[in-house]
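Single-letter residue listing:
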Amino acid sequence: MTTTSSFSEPREGGQALGLYLFAAVLALLALLGALGLTSLKVSGFGALIVVLLYFRLPIILVVGVLAAGVHALFASNSDVEYLMQDMWFALDREVLLSVPMFILAGALMARGSIAKSLINCMSAFTAGLPGGLAVATTLACAVFAAISGSSIVTMLAVGSIAYPAMIRQGYDEKFSIGLIAAAGSLGIMIPPSIAMILYGIMTETSITRLFTGGIKPGLLLAGMLVLYSVAMNLRRNSGRFSASAAARSVVAGFWALMMPVILLGGIYGGYFSPTEAAAVSLLYAALVELFIYREMKLADYKKVVVESLIMLGRLLPLVAIASSLNTILDYEGVTQAWVVAIGQAIENPVLLMIAVNLLLLGVGCIMEVSSAMVVLSPLLMPIMVNAGYDPVHFGVVMTANLEIGYLTPPVGLNLVVAMVAFKKEFSEVVRSVLPFLVLMLIWLVIVCVYPAMVV
Amino acid sequence: QEAWKLGQVGAPGSGLAVMGDKFATAVTEASGGAFTVERQFIGNEQEMVQQVLRGRVEMGVTSPQGMGVAIPAGTVLGLPFLWKSDEERDFVVQTKVKPVLEAIYEKAGLKLLQISSAGYYGVFCKVDCSDPATLKQQKVRVSATVPSRVFWENQQVNPVQLPVSELWPGLEQNLVVAADIPLPYYVTTPAVESAPHFVAAKHFHADWIYFMNLRKWNGLSDEQRTAIQEKIPTSQELTAFYDSEVEKARRQLVDEFKGHYYELNDEQRAKWHNNIETKYPEILASMTEEARSLYEVIVAAKKEFAVR
Amino acid sequence: MGISRFLLNSITSFEKLLGGLALSGAAGLLVFDVVSRELFGSGVYGAQKVAVYLAASAALLGMTVAVHQGGHLRITGIDTLIPRRLFPLVVRAGDALSAAVCLYLAFYAAKLVRNSAMFGEADPVLGFPIWAVQIILPVVFLLAALKYLLHAFDSSLKPAEMEE
Ligand code: NA
Ligand code: NA
């Protein structure tokens, strides 16, 4: 796999600590401030983190020390053992299974011929359209979102194929990363959606209505991303559309094209769950590469497995540590206190909606989507319903807010996934998603203002 | 003043959460101002139990299945169709099982405070399945426990293990056509729309066990311990409250969601029962020695109840 | 080939083998469960749970594989703040620090496992003790610590930061 690696290139100076560290320290200080802690302990701890960074420790270890320190020094009734316990709980979950499966399947398809065939098809069909491949990538994410309830899985599955292709066609790196991270976030807006299931169960709101409510906002965001892709790539020469070339790409890529068909058909036909779909796609990819394309050798398979292993080893421990910090936020009641404060202070429905959105965007920076949903939805929903909002509409608004949280540092899972999958600096990933964040904020306002789109 | 947590799985506003609040308030009052207890939602029962074991969360409440991670013996209470009547269950659990469990909990580092009921499981389906024959060879969601597996195998379904979060979309996409949970939980899920037929099979009973970390318990004064045991809601109070929640859920299902509720007559119930006792040895064989001796206690107590 | 290099390579190869088997095993089990359900009318009891344990172990093994191959992600921007002259020293000290952090985490991971064993925590689906799976947690931190330590003693053993 020829991924451009930022590690092999010479470093340009002046990048300083990067947005990541800055935001992480800010978030930590906000947390400690909210806990009513400042002082020597805090500054000493902050200094330790800076020292670790100066001595070039890997992010995983720095974040590990950060979390261990929060457990040992700041959280009430805690111990570093609980960090390990939380990490274990995070890894020991059925819903996380699809991540390794799609990583493995993605690596297999990328090294083999399936990815190539899919990309050829996408390129042939979008030839002549400015930003055609970007449009195709967005649509692929939207389609994949319809079978996966998770955003990181959507992003991984599509991104591992689309990103190298976009780079090869000369798309801007930043644009490509930002687009894939943003379009990948559709995973929790277009049904099925793990986030909406959690909202529904925690607030006793109909999950079916939430799912239906997410369709139009999801399509709207996809549409906005499509328009943006076209507008940003107006001058890109993407060749001319040729019906015969498109037809040839379909014939040549038949087995590869069957992949999404099997996945969608399997899930909507009731043959397997989204998690199992990941394993099935892996099996299918292996069979096709082994018996039909026959370009891969046994050594290639070994490489694919090791590659996936390392990617998992970079990604999942980070996710596990983040989940421990979320547990602390939950147990300490920090975010809950914010909700109570807002509910008491604001009565005007419009101001309330604005305040709650700001709160959720803030929470989206420091919490992972599922935990934020579980902790905050039962607190916020009654306040909003009291102010006259529909519980389904608010559920979709909340999902949209937390979806944006996938792209906001320091805890933004799509950022972490992009960093690991595309081998980029965190700060670079953050800068890549900025224009898309603006786009998504505009989208959020629309979703808030037009409840008719949802209910 | 210390802030203690009572870990539990019921979503805020649910009957289980209300019961948790009642319990937490009673313990807070009994502490005489030494500490407060607040309900803490923890979505995974086994994780909650592991946290109480270590004292990270002080108290908890869950089913014997949720406790299985630390107290495997208790899972024997999850045998299908274990009870002939609520009266029998009440007698056996409160007078015979509870003392045995108390000792087992203590050995594991936990203090058992109260056992109440979180109702019976029912089966919900996409079509009327009051006769289990309609589910034969059909894909049914089976939870990952041996009693559940054996019960459903006894009905010759095609068992599918799904995490609960994948069950709801799975029902909509016909990945499974039926599953089983207690009625009050059922009415809060999208299953009321995708699988609106609820059959009160009452095959599993969920005991609802309140417990706390033993070190924390031993750290309390004698007065505090006595006060807690006196002030906590009785099993009858908690069970009666939950029964009213079940009735509320039944009305909600029929009136609000236009779903279907099937109470079974003896003949229909016999079909669900399907001589499941003949499978008890298989289930018991998968359990621990301690579970099997607890089962002997239950058998003896049931005989004693029958004589009375 | 020096003994350190041999040690590093053998450990990493072993981790790759184990992790690769775990990952493939998890995938295989999930697929087999689906196939068996659709073709033979009954899935495999406990398949998902075993797959979860295998995938978790694979992720943790992947974490330590990355220490000596490919490397973990770093905030490299700060490198420019380190004086050239001191660079080799900072690199070695950093590896020693990394080893220390891994040992620190290994200690608490071991505490978790010891307590799991002491409390008799058992998997409710499969019945076996949880510590038997959790043990992978302190083991990978220890292996990572060992590798960082070897890197600290001889920085020529340190892999290039990204190999592909
Ligand atoms: Na989705
Ligand atoms: Na975020």
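Cut-offs applied
Counting of residues starts from 1 at the beginning of each chain's written sequence and follows it residue by residue. To label them, take the chains in the order written and letter them from A, then take the ligands in the order written and number them from 1. Thresholds applied to this predicted model are a pLDDT of at least 70 for local features of residues and 80 or more for the giving and counting of side-chain atom pairs; totals over whole chains, interfaces and linings are not thresholded and use all residues. Computation of side-chain values: all heavy atoms of the structure, hydrogens and water removed. Strands here mean DSSP runs of E at least two residues long; helices mean DSSP runs of H or I at least four residues long; both are numbered from the N terminus. Each residue gets one of three labels from its accessible area relative to the maximum for its type: buried under 20%, exposed over 50%, partly exposed in between, using a 1.4 Å probe on protein chains only. Residues count as neighbours in contact if any of their non-hydrogen atoms are within 4.5 Å of one another. Joining two parts hides part of their accessible area as seen by a 1.4 Å probe, and the buried area is that hidden amount summed over both. A pairing counts as a salt bridge when a side-chain nitrogen of Lys or Arg comes within 4 Å of a carboxyl oxygen of Asp or Glu. In this description, a donor is an N, O or S atom within 2.8 Å of the metal centre, a cutoff extended to 3.2 Å for sodium, potassium and calcium. Water is not part of the atom list, which can make sites seem incomplete. Defined by distance alone, a disulfide is two cysteine sulfur atoms within 2.5 Å. Here, axes are lines fitted to C-alpha atoms. For helices the fit covers the stretch in contact, and angles between N-to-C directions go from 0 to 180 degrees. For classification purposes, angles smaller than 35 degrees are called roughly parallel, those larger than 145 roughly antiparallel, those between 65 and 115 roughly perpendicular, and all remaining angles oblique. Each crossing gets its handedness from the near helix: less than a right angle anticlockwise from the far helix is left-handed, clockwise is right-handed. Side-chain classes are defined by residue name, with Ala, Val, Leu, Ile, Met, Phe, Trp, Tyr, Cys and Pro counting as nonpolar, Asp, Glu, Lys and Arg as charged, and the others, Gly among them, as polar. Domains are outlined according to an automatic or database domain assignment. UniProt positions are given in the numbering used here, feature names are shortened, and annotations may be inferred rather than shown by experiment.

Mapped onto the elements, R149(B) comes out in helix α5 (residues 146–153). Given the relative accessible area of 18%, R149(B) is considered buried. Excluding anything up to four places from it in sequence, R149(B) contacts V142(B), E282(B) and Y45(C).

One widely used convention gives an interface's size as the accessible area the parts lose upon coming together. Residue-level contacts link 69 residues of chain C with 62 residues of chain A. Here chain C meets chain A over a buried area of about 6100 Å², counting both sides, of which 74% is carbon and sulfur. Here chain C is connected to chain A by 3 salt bridges. Between D92(A) and K49(C) there is a salt bridge, with its nearest N and O atoms 2.8 Å apart.

Residue and element names in this part refer to chain A. The protein atoms donating to the sodium ion (ligand 2) are G364 (O), G405 (O), T408 (O), T408 (OG1) and V411 (O), with metal-donor distances spanning 2.1 to 2.7 Å. Counting the intervening residues between successive donors of the sodium ion (ligand 2) yields the motif G-x40-G-x2-T-x2-V. Of this pair, G364 sits in helix α17 (residues 349–366) while T408 is found in the loop between α19 (391–405) and α20 (413–421), placing the two residues 44 residues apart along the sequence. Per residue, the accessibility class of G364 equals that of T408, and both read buried.

A few words on the state of the cysteines. What the rule picks out here adds up to 1 disulfide over all chains. Covalent S-S linkage joins C125(B) and C129(B), the inter-sulfur distance amounting to 1.8 Å. Measuring the twist about the S-S bond at about 60°, one finds the C125(B)-C129(B) disulfide to be right-handed. Each member of the pair, C125(B) as well as C129(B), is classed as buried. No disulfide involves C448(A); its nearest neighbouring cysteine sulfur is the one of C365(A), lying 16 Å away.

What follows covers the packing of helix α11 (residues 207–232) of chain A against α19(A). Residue and element names in this part refer to chain A. For the pair α11 and α19, the least separation of the axes is 9 Å and the interaxial angle reads 50°. Relative to α19, the element α11 is oriented oblique. Of the two elements, α11 crosses α19, and the hand of that crossing is right-handed. Seen from α11, the contacting residues are R209, L210, G213, G214, P217 and L221; seen from α19, they are V392, G395, V396 and E403. Looking at the contact of α11 with α19 residue by residue, the classes come out as 5 nonpolar, 3 polar and 2 charged.

Residue and element names in this part refer to chain A. Assigned domains within chain A: domain 1 (3–93 + 313–453) and domain 2 (95–310). Contacts between the two partners involve 48 residues from domain 1 and, on the opposite side, 46 residues from domain 2. Summing both sides of the interface, domain 1 and domain 2 together bury roughly 4300 Å²; the carbon and sulfur share of this comes to 77%. Scanning the region where domain 1 abuts domain 2 turns up 2 salt bridges.

Here we come to the UniProt feature "transmembrane region" (unreviewed entry) in chain C. Residues and elements named next belong to chain C. Under the feature "transmembrane region" (unreviewed entry), the UniProt entry names residues 47–68, 89–110 and 130–150. In residues 47–68, helix accounts for 100% and strand for 0%; the two terminal C-alpha atoms are 32 Å from one another. For residues 89–110, the helix share is 100%, the strand share is 0%, and the end-to-end C-alpha distance is 31 Å.

With that out of the way, let us pick up the interface of chain B and chain A. Tallying the contact residues gives 32 residues for chain B and 33 residues for chain A. Taken together, both faces of the contact between chain B and chain A bury some 2900 Å²; the carbon and sulfur share is 54%. The interface formed by chain B and chain A includes 2 salt bridges. When the shortest N-O distance is used, the salt bridge between D86(A) and R56(B) registers 2.7 Å. Of all the secondary structure elements, the ones that give two or more residues to the side of chain B that touches chain A are β2 (35–41), α2 (45–54) and α6 (164–172) of chain B. No other element matches α6(B), which puts 5 residues into the side of chain B that touches chain A. Along the lines of polarity and charge, the residues of the side of chain B that touches chain A split into 12 nonpolar, 10 polar and 10 charged.

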